[in-house]
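Here is how the chains run, residue by residue.
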Amino acid sequence: MSARGKARRRALDILFEAEARSEDPLRILAERLERAEPPVNEYTATIVEGVCRHRSRIDELITTYAEGWTLDRMPAVDRNLLRGGTYELLWMPDVPEGVVISEWVGLASELSTDESPQFVNGLMARFKQLKPSLTL
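Below is a summary of the structure that appears in this document. (Residues numbered from 1 in each chain as written. Predicted model: local features only at pLDDT ≥ 70, side-chain atom pairs only at ≥ 80, totals over all residues. Heavy atoms only, no water.)

The next subject is helix 5 (residues 97-111). Across its 15 residues, helix 5 extends 21 Å between first and last C-alpha, which sits within 8% of the 21 Å expected from 1.5 Å per residue. Taken as a whole, helix 5 has its buried residues at Val100, Ile101, Trp104, Val105, Leu107 and Ala108. One face of helix 5 carries all of its buried residues, which in axial projection span an arc of 155°. For helix 5, the secondary structure elements touched by its buried residues are helix 1 (3-20), helix 3 (42-65), helix 4 (76-91) and helix 6 (116-130). (Helix = DSSP H or I, 4+ residues; strand = E, 2+ residues; numbered from the N terminus. Expected span 1.5 Å × (residues − 1). Buried < 20%, exposed > 50% of the residue type's maximum accessible area, 1.4 Å probe, protein only. Arc of directions from axis to C-beta. Contact = heavy atoms within 4.5 Å.)

So, about the nonpolar core. By size, the foremost hydrophobic cluster in this structure holds 41 residues, and its most contacted members are Ile62, Leu81, Trp104 and Met124. At the level of secondary structure, the elements contributing two or more residues to this core comprise helix 1, helix 2 (25-35), helix 3, helix 4, helix 5 and helix 6. Beyond its immediate stretch of four places on either side in the chain, Trp104 contacts Arg8, Leu12, Ile47, Leu81, Gly84, Gly85, Glu88, Val120 and Met124. (Core = buried A, V, L, I, M, F, W, Y, C linked by side-chain atoms within 4.5 Å.)

Dropping the structure here:
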């Protein structure tokens, strides 16, 4: 797994843990940065901070375009995969869109349900298609 791939996974871990514990992801991130065991990649921090900064818009997009699914009905892993992937896809223009989608779909394959990779891929592909028209 690439360094950015590991950073994405670590960001997902932090976002998921924060939700499971009903805590602020930035506080969990700060704890991990302070502990530095294992070290937190700068890219991990960028993703977590970006998701937090744009969370309301990200959740609005997911809710709007996830046909037949509400945020509450989605597995927590999928919710946080989509949050991280959506942030990276829409707010990090220096990262190739295909790579972003592939990496987050790969995490869905590894960590979530059998249906999750197709769901994550479909929604992120839709965001890629709509990106020029989305108000961010």
